[in-house]
Amino acid sequence: GINAEYGKQWYQRRVREAVVSTQSTGSTVEGDTTNSVLKVTSPIGDATLTCRVIGHNTYEYPVELELNDLVLTPATETRAFTSTEVTLTCAYASTTISDGSFSWYMNNEVCRDCSDPVETPKSSKLTITVEESKAGRWGCNFTKAKNNKVMKSNTVALTEVQSTGEQTPNSVWDVAGESSTVQCVVPYGLSQSDLTSISWTLNGNPVSNDGTSFISPYEVVTFVVPALKYEDESATGYISFLHTEKVVGRLQCAAVYTTGETIRPDGSELNMIKLTANVSSVTVAPSSGAYVAFNSRAQSKPDTSYTMEDGTAALASATEESITDGVEYQEVILFTSDSDSVTSYADLARKALTYTYSIDLVQITGTVYVIGETAVESPQWTSLGDRIKLTCYLTASDVSTVVVMWQMRSGTQWIDVPSDGYTSLLSDINSDYVMSAILVIDSTVTGDITDFRALVTLAEFQERSESITVKGVSAVVSDLSSAFEKASVTFGATVVGPNKPTALLVHTESGTEVSATVEEEGEDSYTLSYVKDNLVTTDTGDYYFTITFSASLELTTDSTSLKVLSQCQPPTTPPNTELSKEEINGSDNYNQVVACITNQDGAIEYVFLDSSKTSIMCDTSTGTYVSTDLSPCLKTIANSV
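Given the structure is predicted, the values throughout are model-derived calculations rather than measurements. Along each chain, residue indices are assigned from 1 in the same order as the chain's sequence is written. Local features in a predicted model are, by the rule used here, given only for residues with pLDDT of at least 70; side-chain atom pairs are given and counted only at 80 or more, and totals for whole chains, interfaces and linings are based on all residues. The side-chain figures draw on all heavy atoms in the structure; neither hydrogens nor water molecules are used.

K.L.:
How should the overall build of the chain be read in this particular structure?
P.N.:
Only DSSP runs of H or I reaching four residues or more are called helices, and only runs of E reaching two or more are called strands; each is numbered from the N terminus. Scanning the chain for helices and strands turns up 0 helices and 63 strands. For a compact globule the rule gives 2.2 Å times the number of residues to the power 0.38, and the radius of gyration it is set against comes from C-alpha atoms. Against the compact-globule benchmark of 26 Å for 641 residues, the chain has a radius of gyration of 67 Å, which places it well outside the compact range. A principal-axis box enclosing the C-alpha atoms of the chain has dimensions of 240 × 65 × 40 Å. Only protein chains enter the calculation, and the probe is 1.4 Å; a residue is then buried if its accessible area is under 20% of its type maximum, exposed if over 50%, and partly exposed in between. Among the 641 residues that make up the chain, the fraction classed as buried is 38%.

Listed below in structure tokens is the structure:
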């Protein structure tokens, strides 16, 4: 133990001088001991320090001070591109130079393949080419020759930075008018290289800082290029744009550094989702459809849908072809009309139906025009020898594409209408795209009382009209029997025609006309009648009907003859006779016949006086008898014995 009243002093043995220090003295509770603490500030080299204790005796306690001011620079992390040369310097900071040697370590292991360092007694410089195997924590040691003691420097990290970046997304698809953004991330915060700029090109055409790019001398596309965003180890550039047909192709960013490096990551393919049709409208007919080819461009095969108003849309074919960063997909759709058939000319007009075709984000709407619909009016009535016009109404887009051939039924076959006696005409198209095909039958014959139809060719379409039935009006006049003066006679006829007609009964000889009564018997069937009373001989002659169905349809019947007969005055009845009238077969004349009377009891018999004179004939054309002699009857007298 050392008594506290005695002094203590620190000094360097070599120079035997006191050391400027901060000194404190204290005691411990146990053992009554004291200690002395020396804090050395700003040492300049190695030294041997001695603590001298003066009491009853003097004691010296030497302490060796070794100064480690070995410093590795740069002192902070070094981040550098691959293949960049980086120099690390290991040196003493003090002026004291000790004998010894430097050595280099990476990740606490001696570097045995380090290039020859450049050394001086006080420093060692090591040049490293940055690569994956040289990335890690570096440090240096100095081994003193006098005592083999090793001084260790601080350690620093050497980080390899790849000369690469990332541009995302690499595939950019959207519909016209939509906005997209591409970003470019590149290294930043390097020790020996500063990022100068990030620039953009579209298909090799530069995008200026204000976002303008000339894709041709006179065509400009516009981008939005905001300021770069910096983080500790990366910088990000952004570019935004609206999708149009002009903004298509390869978008490329490039990062330039002060040391000359240029980083171009994998670029981005810009594409616009596109849908087109080979036609904007199509034309169909009732029995024929039309094909439309729809072409789409997308990142992958799109989902499609297709519909048609009052019709059917069916897939006819599909093809797929790979393109840069996407596909071209084509579907051919067959559109057909399901609309109801037109039965009336008043309802006939070219139909304009709507179709839609859609892919994921795009839809096309178009028009399907329906032509070739026909309407006819049947039956058509005529009379033999008359001129008749048959009309087929049809819809068409252009009269120049319309060809019409007429056919007629012959038995069970359809044959082409001959040219002789028939004329085919076409009208112009009206505002509803309706036109007329007309067949004129110059003079109707019996063979024309049949069915007709029109074969209509409109460009590539062919349609067939409904049949037009040609019917002939007819009349059968009732036969007349002879009639006597002052009697009544009924003129009659049975008529077939399209509607209830009016009729006149005409007397040929006198030219007089009277209206006949018309009664409907059934569909298209009528009866004509006229009752003529109180006949006189001048009523004798030929009679016929003129029948009017419409202004353009009339019929004159065959004639029937009326003979008005004259009655003979009844003759004087001879005695004992009875007079009776007897018709003569096949003749308008008649006989007056006498017969002998018979008494009631039969007791008396009568006989003709002249049996050759039992009848006389009345000539009805004159109303006189050919002979007036009639025999009387006489009683028969019985012989007496």
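Now that the structure is up, let's keep going.
K.L.:
Would you take a moment to explain the sheet that holds strand β7 (residues 70-73) for this structure?
P.N.:
Strands in a sheet are paired, the pairing made by backbone hydrogen bonds, and the direction either parallel or antiparallel. In this analysis, strands are considered paired if DSSP registers two or more bridges between them. What the 4 strands build is an open sheet, ordered β7-β9-β13-β12; its pairing is antiparallel. One side of each edge strand has no neighbouring strand; the edge strands of this open sheet are β7 and β12 (118-119). Where β7 meets strand β9 (residues 85-92), 4 bridges bridge the pair, whose relative direction is antiparallel. Its bridge partner lying in β9, Leu70 is registered against Tyr92.

K.L.:
Explain the sheet that holds strand β47 (residues 474-477) to me, please; I cannot follow it from the model alone.
P.N.:
Pairing is antiparallel across the open sheet formed by 4 strands, whose spatial order is β47-β49-β53-β52. Of all the strands in the sheet, the pair left with one neighbour each is β47 and β52 (517-522). Going across the sheet, the axis of each strand differs from the next one's by a mean of 25 degrees, ignoring polarity. Across 8 bridges, the pairing between strand β49 (residues 489-496) and strand β53 (residues 525-532) is antiparallel. From the neighbouring strand, Thr494 faces β53, where its bridge partner is Thr527. Throughout, an axis means a line fitted to C-alpha atoms (over the contacting stretch in the case of helices), and angles, computed between N-to-C directions, take values from 0 to 180 degrees.

K.L.:
When you look at the pattern of salt bridges in this model, what are you seeing that I'm missing?
P.N.:
Any two side chains of opposite charge can pair, given that their charged atoms come close. Whenever Lys or Arg places a side-chain nitrogen within 4 Å of a carboxyl oxygen from Asp or Glu, that contact is recorded as a salt bridge. Summed over the entire model, instances satisfying the criterion amount to 13 salt bridges. Where Arg409 meets Asp451, a salt bridge forms, and the shortest distance between an N and an O atom there is 3.3 Å. Highlighted residues: Arg409 in strand β40 (residues 402-410) and Asp451 in strand β44 (residues 451-458), separated in sequence by 42 residues. Using a relative accessible area of 17% as the deciding quantity, one classes Asp451 as buried. Here Lys532 makes a salt bridge to Asp539, at a shortest N to O gap of 3.7 Å.

K.L.:
I'm lost on the pairing of β53 in this one. Help?
P.N.:
The side chains of a regular strand alternate, residue by residue, between the two faces of the sheet. Here β52 pairs with β53 via 5 bridges, running antiparallel. For Val518, the partnering residue across the bridge sits in β53 and is Leu528. With antiparallel pairing between neighbouring strands as the criterion, β52 and β53 make up a hairpin whose turn holds 2 residues, including Asp524 at a positive phi of roughly 60 degrees.

K.L.:
Would you take a moment to explain the packing of aromatic side chains for this structure?
P.N.:
Any aromatic ring pair is given by two values, namely how distant the centres are and how the planes are angled relative to each other. Between the rings of Phe, Tyr and Trp (Trp by its six-membered ring), a pair exists once the centres lie within 6.5 Å; its type follows the angle of the planes, with under 30 degrees stacked, over 60 edge-to-face, and the other angles tilted. Summed over all chains, the structure comprises 13 aromatic pairs. Joined through ring pairs, the aromatic side chains of Phe294, Tyr306, Phe335, Tyr355 and Tyr357 make up one cluster. Looking at Lys152, its charged tip hangs above the ring of Tyr105, at a distance of 5.7 Å from the centre. Throughout this description, the term charge over a ring refers to an Arg CZ or Lys NZ atom that lies within 6 Å of the ring centre and within 35 degrees of the ring normal. A cation over an aromatic ring shows up here: Lys581 above the ring of Tyr590, its NZ or CZ 4.0 Å from the ring centre.

K.L.:
Honestly, the nonpolar core in this entry has me stumped. Any pointers?
P.N.:
Where a protein is soluble and globular, its nonpolar side chains tend to be buried together. Residues belong to one nonpolar core when they are buried, are Ala, Val, Leu, Ile, Met, Phe, Trp, Tyr or Cys, and are joined through side-chain atoms within 4.5 Å. In this structure, Leu390, Leu394, Val402, Val404, Trp406 and Phe452 are the most contacted members of the largest nonpolar core, which totals 25 residues. Counting residues per element, the ones that place at least two in this core are β39 (388-395), β40, β43 (434-441), β44 and β46 (468-472). Once residues within four sequence positions are removed from consideration, Val404 is found in contact with Leu394, Ser424, Leu426, Ala437, Ala454, Leu455 and Val456. Here a residue-residue contact requires only that any non-hydrogen atoms of the pair lie within 4.5 Å.

K.L.:
Before we go on, may I ask you to explain unusual backbone geometry in this structure?
P.N.:
The phi torsion of most residues other than glycine is negative, and most of the peptide bonds are trans. Look at the link from Thr73 to Pro74: it is a cis peptide, with omega at -5 degrees. Phi is positive for Asn108, close to 65 degrees, though the residue is something other than glycine. Residue placement: Asn108 occurs in the loop between β10 (100-106) and β11 (109-110). Of the residues examined, Asn108 reaches a relative accessible area of 76% and is grouped as exposed. Even without a glycine there, the phi angle at Lys486 is positive, about 70 degrees. By secondary structure assignment, the location of Lys486 is in the loop between β48 (483-484) and β49. With a relative accessible area of 70%, Lys486 lands in the exposed category.

K.L.:
Is there a simple way to think about the side chain of Asp174 in this case?
P.N.:
Inspection of the secondary structure assignment puts Asp174 in strand β18 (residues 171-174). Under the counting rule used here, the positive set is Lys and Arg, the negative set is Asp and Glu, and His together with the chain ends is not counted. Although Asp174 lies buried, it forms no salt bridge, and the closest oppositely charged side chain, Arg297, sits 14 Å away as judged by the N-O distance. In this structure, Asp174 is in contact with Ser180, His243, Asn271, Met272, Ile273 and Leu361, ignoring residues within four places of it in sequence.

K.L.:
Quick question: what am I supposed to make of the environment of Leu275 here?
P.N.:
Note on placement: Leu275 falls in strand β29 (residues 274-277). In this structure Leu275 comes out as buried when scored by relative accessible area, which is 10%. Sequence separation of Leu275 and Ser358 is 83 residues, and the distance between their C-alpha atoms is 8.4 Å. In this structure, Leu275 is in contact with Phe294, Asn295, Ser296, Tyr357, Ile359, Val362, Gln363 and Ile364, ignoring residues within four places of it in sequence.

K.L.:
Looking at this model, I keep getting lost on the state of the cysteines. Mind explaining?
P.N.:
Covalent bonding between the sulfur atoms of two cysteines is what defines a disulfide. Criterion for a disulfide: a pair of cysteine sulfur atoms within 2.5 Å. Inspection of the entire model under this criterion finds 5 disulfides. The disulfide partner of Cys111 is Cys114, and the gap between their sulfur atoms is 1.8 Å. Negative torsions about the S-S bond denote left-handed disulfides, and the value of about 115 degrees found for Cys111 with Cys114 makes this one right-handed. Paired through a disulfide, Cys184 and Cys253 show a sulfur-sulfur distance of 2.0 Å. An S-S torsion of about 55 degrees defines the bridge between Cys184 and Cys253 as right-handed. In this pair, Cys184 is assigned in strand β19 (residues 179-187) and Cys253 in strand β26 (residues 249-257), connecting sequence segments 69 residues apart. Each member of the pair, Cys184 together with Cys253, is buried.

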